[in-house]
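A closer look at the structure
Given next are the chains, with one letter for each unit.
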Amino acid sequence: MTDPASHLRRSPLRRALETAGATWRDLGDTAIADIAAPASAIQTLAIADLSPLPRLGFKGRGTIDAMKKRGVIVEATPNKAFRQPGGGLCLVLAPGEVILLSNMTGNGAKLDEMHDGWKLDDAERTYPLLRNDSHAWFRIVGAKSPAMFAKICGVDLRADKFNDLSIAQTSVAKLSAIIVRADIGGLVAFHVLADSASALYFLDCLRDAAQEFGGQLTGHKMLQDVETHEETRRHRIGQAAIEPT
Amino acid sequence: MSSPSSSRIDKPGFGLLIDRTKPLTFSFDKRIFNGYQGDVIASALYAQGQTLLSRSFKYHRPRGALTMAGHDANTLVQVAEEPNARADRYVLSNGLAVKSLNWLGSLENDLYSAMGLFSRFLPVGFYYKTFYWPNGVWKYFETPIRVMAGLGKLEPRAQHKYYDKEYLFTDVLVVGGGPAGLEAAIAAAEGGADTLLIEEWAQLGGSLLHGRLGGSRDAADARRAELISKARSLTNLRVMTSTTVSGLFSDNWAAAISCNRLYKIRTKQTIVAAGSFDQPLVFHNNDKPGIMFADAAQRLMRLYGVKPGSRAVVATSNRFGYEAALDLLDAGVDVAAIVDLNTASDGTAAGAVRARGVRIISNSTLFEAKGGNRVESIGVSKITGTGQTSGTLDWISCDLVVMSVGFAPALNLASHAGAKVVYDDTINMHRAKALPEGLAVTGTAANIWSEDAVRADARAAGTRAAALAQGKPAPDATAIGDAEATVVTHPYPIFKSAKGKDFIDFDEDLQVKDIVNTIKDGYDDIQLVKRYSTAGFGPSQGRHTNLNTIRIVGKETGKALEKIGTTTYRPPLVPEKFAHMAGRAFEPVRLTAMHGRHVELGAQMMPAGLWMRPAYYGDRGNPAKSIAAEVKAVRENAGIIDVSTLGGLDIRGPDAAAFVDRMYTWTYEKQPVGRARYVVMTDMSGVIIDDGVACRLHDRHFYVTATTSAVDQVYRAMTWFNAQWKMDVDVANVTAAYAGVNLAGPKAREIVQKLDSNIDFSKDAFPYMGVRTGQIAGIPVRILRVGFVGEAGYEIHCPSGMGEALWDKLMEAGQPFGLKPFGVEAQRILRLEKGHVIVGQDTDGLTNPHEANMEWVLAKKKPFYVGKRSIDMLAAKGITRKLVGFSVPNSSAPVPKDCHLVIRNSQIVGRITSVVKSPTLGKSVGLAYLPPDMCETGQRFQIRSDNGVLVDAEVVPIPFYDPDNKRQEI
């Protein structure tokens, strides 16, 4: 069994998740939590900590061009997310600011490459930001997610009002947060990025709001399985589209 | 124990809300009562003959149910810990402990009721005139008045309950689930709009629940079933029952309450279909228990299956009184007479009543009621003019008086949203006009009463709102007139009695003469009438008071009622608990990456803004000992403190140096890469707002630290100025991205050198105020050689996700060197011994750098920095205080405290900002603001310490500790 404290990088929710019965798996330079939850949890309302997964921000007026140059699928459309080949998302927060979220495998090689390859002298006018560290990363999945958010957030996140890949930069439980709708496997799902220093407080608020709907903490594996399945499905659809009938 | 069914009506069509198969038991004033599931407290009490529910506010008069809708103060009771619950809306549950309010002795025999005998000594506005003379007498009145006044009791030991809030969003919000509201909501939903219908009762239907339609109860039932069926079939129509909209605000924002939750609703269009409020007939003793509005009697019967009395007199001026009489007859209540204020009685309804043998007395009014704790008989008199009677009384014995003499449209919510409310003398009621955009009113709230007109108007309102909400073309709003509105409300149902006790306002015990005397006292504007008389001040919020008050003002002043205006309706419409407004408290707390380690090490945590920081490590019992040990460790070996809460800003781009140069007072353009420099930020008025260190990591990259509490302000200022200056630079607040520790003490270098690193920590390679980036123990770091605590030290910043690992590595490496963690308290001592200023503690909201003795950090040759012009002007003007160091020569003198005052010739001339008994120096040292002429080294002054003890102090140079800075630069 992996000891999360044996890694240099640790989730700000390590102790809280341990208390909730988490087990840990190695994931790159850190460990990620799995929490046993019934399969139905993900249909209704499930909350997972994805903070150990890689993510990276870029900010500056040349950001969009710089991202395109690096092969990121993105447009200068604020508050819109773009799915990347192989999973992962590019969140456009402003005409000059993005956050790149890795896929669920936790493979951060591409993001590392982008970070390590960046040079201040390149005059691209884009600057990396340590979003791994500044923001905790939560995944909220299930039909009751919008109803739960309605208790802690003033933005209308109902499924028919807040479309897939929409972004809201808003206050959640009095905390600045970035909410991204990114459905998986036909399930309404959100990513939430919020101040890492307030991660424990934020998790408490989420769990409290979710209680009314039977929301449960879940782990990385359950979400990874759903996303892998979804990716496979997308891949098949893509193959079918290009194969002659 | 009383029987649960003594006054119950055992017939079909009565008791819609109760389940007779589920009996409940509760107590009222410690007596056991029964009820049924679905009952409210008042209905269960009435069912068992308990019609006395409360005592009035001022005269302690007996009071019973008036509205059965929670609209009045007559039914206020205490339910366990909850004060002022409304017994006519509070749903019964098993074991409920209910107490009546506001009496001495017992509810039935209230000794305070003797107050009524002294009513002539308690005229309107008496509290403005009495108890204030002779001087000082108020305190003798205050205690008994406070005992007698007020209603429910706050229970300080009440258990906290869970309340929360929820946002709702909709295209069209319809307030009121009666016939008009349902019709409007259905039309809006059929128009394709996302529609939300909110109804305060548990069941939809409004007046259809208890009243008649076209004179028929069956028609009302059928219509209600039809509307509900249609509403339920619409998937885009959400219905919330048992929910009350308590306020409408600007930007289409509505507040609603249901149980323990406050809903915050964003809507595009709002339709108010809130109905109307009954208005009382005013006559002598019109407040006796047993006297109630017609629809209150109907609610008791239809909703709860309770007979409101056994022999009734109905006073009315419209069809609703007659319809209530029919319901009473159907329920088995004897109707002794109908007293019709009109000359000609309402045709259809009157005919049905007359056909059942009920006596109808036309052109007459009730003039006086008799009885003790319940009405026993009623005196009827002929009307001879406006508010005038013949004086001859025809007495009728009864235990129930039912009133329906008029209405006031429920325009409170419309008024909250900005609608004007004006009096219309063609209908003897107010109406809404100049409705704000996005608001419509329909149903009786819009003075539309007849069934066909209600249907047409409500449907039109719903269709129009749906179109507008969806950005579609919408028909203009057209007013649908309704002739019935002219015959539902009597123009002057007020019959002043020479004996008084003709109540205008039941909450405040205001009689007709009180309003008359208010005007005689000179307060003839309606707003002043309200404030002087307190009419409408009570829990009813004027629902049953305002209209009659305006009528009296009109009569007494001779003004037309439409010229008098109205008082202002303000939210909330219904009482909101503080708990509703507070909801589930959201109080963000920020924890550093090392927080868990601090707790494991026994740290006593303290708040620092939103952050939690270790105050000190060790037992709460002896903090001084723990803190002294931490100071000693830093001075003699090494200490480590978590400084992750410090702000961090990355400033990157070609103009980074020029930008920092503009934002801070010193010079940074030529600062070498790899060096750190102290920074002070001032605002445009020259006031110090922050300090920190600017680290040049690259020609185009500064990493600037800021104080814990000011970093957000600094970031805002930087982005605000950069938006104007348009410099080629990016500013990022990276506070949460970096954790930080300060490793300080004579053994700090040895400790850090024990860890694998690509950084050369030798003195020459990494001098004081140097900055390096690299890795320690595999962790990427930014390291600053700074000396806040006056010892050799390394402030090590790393990605916050690795903060705990960095802490672990350093603690392990430091173990052989006696490394100890230290907290904020020890750091305060250490920095003060070194004479370092803390912005916000040693400066205030007016301190400029000259006053703070920081001229050295002001660049003289720079053409600009934020605040420079103001600072130059302040310097030219001359300062009135200066921050200096001081010590207390007498080591046995009391230790002054922060903010103790500096005294000269008995005058306050300065204050202490920081002071400590230095464990290192063995004496008290500190910083203080003194007048410029007292700032010379060696000058003596006095500090007024606790209990006025004057402590002698002396101005001394700073730093107090290691004045040559040898220790921090080793």
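Anything mentioned here points back to the structure above.
Only a predicted model underlies this, so the values are computations on that prediction, with no experimental measurement involved. (Residues numbered from 1 in each chain as written. Chains lettered and ligands numbered in written order. Predicted model: local features only at pLDDT ≥ 70, side-chain atom pairs only at ≥ 80, totals over all residues.)

**What to know about the overall build of chain A**
- A tally of helices and strands in chain A yields eight helices and 13 strands.
- Computed over its C-alpha atoms, the radius of gyration of chain A comes to 18 Å, within 12% of the 18 Å expected for a compact globule of 245 residues.
- The principal-axis extent of the C-alpha atoms belonging to chain A is close to 50 × 50 × 40 Å.
- Across the 245 residues that make up chain A, the buried fraction comes to 51%.
- Counted over contacts in chain A with a minimum sequence separation of 6, partners at least 24 positions apart contribute 63%. (Helix = DSSP H or I, 4+ residues; strand = E, 2+ residues; numbered from the N terminus. Rg over C-alpha atoms; globule rule 2.2 N^0.38 Å. Buried ≥ 20, exposed ≤ 12 C-beta atoms within 10 Å, placed from the backbone. Contact = placed C-beta atoms within 7 Å.)

**A closer look at the overall build of chain B**
- The secondary structure content of chain B amounts to 24 helices and 48 strands.
- Against the globule reference of 30 Å for 970 residues, chain B gives a C-alpha radius of gyration of 38 Å, more extended than a compact globule.
- Structurally, chain B occupies a C-alpha span of about 115 × 70 × 60 Å along its principal axes.
- For chain B, buried positions account for 53% of its 970 residues.
- A fraction of 66% describes how many contacts in chain B between residues 6 or more apart in sequence connect residues 24 or more apart.

**Section: the sheet that holds strand E10 (residues 167–172) of chain A**
- Read from one edge of the open sheet, six strands run E10-E11-E12-E9-E3-E13 (chain A), paired in mixed fashion. At either end of the open sheet lies a strand with only one pairing partner, and these are E10 and strand E13 (216–217) of chain A. (Pairing = 2+ DSSP bridges.)

**With respect to the environment of Leu223(A)**
Residues and elements named next belong to chain A.
- Position of Leu223 among the secondary structure elements: in helix H8 (residues 220–242).
- For Leu223 and Ile184, which are 39 residues apart along the polypeptide, the C-alpha to C-alpha distance reads 8.8 Å.
- Residue contacts for Leu223: discarding those within four places in its chain leaves Ala48, Met104, Arg139, Val141 and Thr218.

**Examining the interface of chain A and chain B**
- Between chain A and chain B, the contact holds 31 residues from the first and 32 residues from the second.
- Those elements that place two or more of their residues in the side of chain A that touches chain B are strand E8 (127–129), helix H5 (131–134) and helix H7 (199–211) of chain A.
- Among the residues forming the side of chain A that touches chain B, the class breakdown is 13 nonpolar, six polar and twelve charged. (Nonpolar A, V, L, I, M, F, W, Y, C, P; charged D, E, K, R; others polar.)

**Overview of the packing of helix H12 (residues 512–520) of chain B against helix H14 (residues 546–557) of chain B**
All names here are of chain B.
- Between H12 and H14, the least distance of the axes is 10 Å, while the angle of their chain directions is 50°. When the axes of H12 and H14 are compared, the pair comes out oblique. The way H12 lies across H14 gives a crossing that is right-handed. Between H12 and H14, the residues in contact are Val512, Ile515, Val516 and Ile519 and Thr549, Ile552, Val553, Glu556 and Thr557, respectively. (Axes fitted to C-alpha atoms, helices over the stretch in contact; angles between N-to-C directions. Parallel < 35°, antiparallel > 145°, perpendicular 65-115°, else oblique. Left-handed = near helix turned anticlockwise from the far one by under 90°.)

**Focus: the nonpolar core**
- With 189 residues, the main nonpolar core has Leu91(A), Val660(B) and Leu743(B) as its most contacted residues.
- Top element by residues in this core is H7(A). It accounts for nine residues.
- Once you skip the residues sitting within four places of it in the chain, Val660(B) turns out to touch Ile651(B), Tyr668(B), Ala694(B), Phe702(B) and Val704(B).
- Counting residues in hydrophobic clusters, the runner-up holds 168 residues, among them Ile41(B), Ala255(B), Cys398(B) and Leu468(B). (Core = buried A, V, L, I, M, F, W, Y, C linked by C-beta atoms within 7 Å.)

**Section: H14(B)**
Residue and element names in this part refer to chain B.
- Here H14 spans 16 Å end to end across twelve residues, near enough to the 16 Å set by a 1.5 Å rise per residue.
- Taken as a whole, H14 has its buried residues at Asn546, Leu547, Asn548, Thr549, Ile550, Arg551, Ile552 and Val553.
- Taken together, the buried residues of H14 touch strand E24 (407–409), strand E28 (503–505), H12, helix H13 (526–533) and helix H15 (561–564).
- Immediately downstream of H14, the backbone of Gly558 shows phi near 80°, a positive value. (Expected span 1.5 Å × (residues − 1).)

**Topic: helix H7 (residues 294–302) of chain B**
Residue and element names in this part refer to chain B.
- Counting buried residues along H7, nine of its nine residues qualify, which places the element largely inside the surrounding structure.
- Along H7, the positions that sit buried rather than exposed are Ala294, Asp295, Ala296, Ala297, Gln298, Arg299, Leu300, Met301 and Arg302.
- Taken together, the buried residues of H7 touch helix H1 (41–47), helix H5 (207–210), strand E14 (276–278), strand E15 (291–293), helix H8 (319–331) and strand E23 (400–404).

**Section: the sheet that holds strand E7 (residues 97–99) of chain B**
All names here are of chain B.
- Spatially, E2-E1-E7-E5-E6 is the arrangement adopted by the five strands of the open sheet, whose pairing is mixed. The sheet is open, and its two edges are formed by strand E2 (31–37) and strand E6 (82–86), each paired on a single side. The average angle at which neighbouring strand axes cross in this sheet is 40°, direction not considered.
- Judged from the two bridges that link them, strand E5 (residues 76–79) and E7 form a sheet pairing that is antiparallel. Bridging from a neighbouring strand, Gln78 pairs with Lys99 of E7.

**Examining the environment of Ala109(A)**
Residues and elements named next belong to chain A.
- Take Ala109: it is sitting in helix H4 (residues 109–117).
- When the 10 C-beta atoms within 10 Å are taken as the criterion, Ala109 is described as exposed.
- Here the alpha-carbon distance between Ala109 and Asn163, two residues 54 residues apart in the chain, equals 30 Å.

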